[in-house]
Amino acid sequence: RPPGTILILASAAEAAGAGLETVKAIARLKDGEAPQRKWSLSGFVGKSKANAIAHRGPLLVSAVVCPFDFEGPRKSALAAEFLDAAQMAADVVCAVPQASLTESSEGTALTVAEATEYADTTLQWSAWTVL
């Protein structure tokens, strides 16, 4: 019996390339041929509601963290590339931008390690909320 859910947790920049091809391959294997409507956490995915599709079979969730701004434009571009393509392959895409987690609720700056830990925890909770 196939799994009910396939969950992929990754760094968006590092998931580009082979990771993205893996997501696409899983989507092809589970979907079959008939497209249906597709939802994301923010509503419909696609340029218009008419272009939105859904996937069949197990729920494919891709939850990723996006790089800090200081990591440079190459990592940001890889992350954007992965997110754009993953939205068409996965049923749900959760993205956590690490750049938004650089200060605490008290307004004090967080270290990179602290922000990364918060991003990882946020990513896990985002995926669990979908499930």
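Residues numbered from 1 in each chain as written. Predicted model: local features only at pLDDT ≥ 70, side-chain atom pairs only at ≥ 80, totals over all residues. Heavy atoms only, no water.

1. Notes on the overall build of the chain
Logical step 1: Each helix and strand in the chain was counted, giving four helices and five strands.
Logical step 2: In the chain, the succession of α and β elements from N to C terminus is β-α-α-β-β-β-α-β-α.
Logical step 3: Put simply, the chain has 131 residues, and 37% of those count as buried.
Logical step 4: Within the chain, contacts between residues at least 6 apart in sequence are counted, and of these 73% link residues at least 24 apart.
Logical step 5: Approximately 7800 Å² of the chain is accessible, and the part contributed by carbon and sulfur atoms is 57%. (Helix = DSSP H or I, 4+ residues; strand = E, 2+ residues; numbered from the N terminus. Buried < 20%, exposed > 50% of the residue type's maximum accessible area, 1.4 Å probe, protein only. Contact = heavy atoms within 4.5 Å. Areas by Shrake-Rupley, 256 points an atom, 1.4 Å probe, with all protein chains shown as cover.)

2. Description of the environment of Ser104
Logical step 1: Among the secondary structure elements, Ser104 is positioned in the loop between strand S5 (92–97) and helix H4 (112–130).
Logical step 2: Under the relative-accessibility criterion, Ser104 is labelled buried at 14%.
Logical step 3: For the pair Ser104 and Glu114, spaced ten residues apart in sequence, the C-alpha separation works out to 9.5 Å.

3. A closer look at the nonpolar core
Logical step 1: If you look at the biggest cluster of nonpolar residues, it comprises 20 residues, and the most contacted ones within it are Ala12, Val23, Leu60, Phe82 and Leu83.
Logical step 2: Of all the elements in the fold, those that place two or more residues in this core are helix H1 (12–15), helix H2 (18–31), strand S4 (59–66) and helix H3 (73–89).
Logical step 3: No other element matches H3, which puts six residues into this core.
Logical step 4: Of all hydrophobic cores here, the second largest spans ten residues; its members include Cys94, Val96, Leu123 and Ala127. (Core = buried A, V, L, I, M, F, W, Y, C linked by side-chain atoms within 4.5 Å.)

4. A short note on the packing of aromatic side chains
Logical step 1: Enumeration according to the criterion identifies two aromatic pairs in this entry.
Logical step 2: On the numbers, 5.1 Å between centres and 10 degrees between planes, the contact of Phe68 with Phe70 is stacked.
Logical step 3: Under the relative-accessibility criterion, Phe68 is labelled buried at 4%.
Logical step 4: Ring centres of Trp125 and Trp128 lie 5.3 Å apart, and the angle between their planes is 85 degrees; on these two criteria the pair is classed as edge-to-face. Separated by three residues within a single helix, Trp125 and Trp128 lie in helix H4, roughly one turn from each other.
Logical step 5: Given the relative accessible area of 45%, Trp128 is considered partly exposed. (Phe/Tyr/Trp six-rings, centres within 6.5 Å; stacked < 30°, edge-to-face > 60°.)

5. Description of the confidence of the model for the chain
Should pLDDT be low for a region, the predicted coordinates there are not to be read in detail.
Logical step 1: Looking at the chain as a whole, the pLDDT averages 76, with 79% of positions reaching at least 70.
Logical step 2: Summarising per-element confidence for the chain, the mean pLDDT is lowest in strand S3 (residues 43–44) (40) and highest in H3 (87).
Logical step 3: Here residues 33–52 is a poorly scored stretch, pLDDT under 50, and it has 37 contacts once near neighbours within four places are set aside; other chains count. (pLDDT = per-residue confidence, 0-100.)

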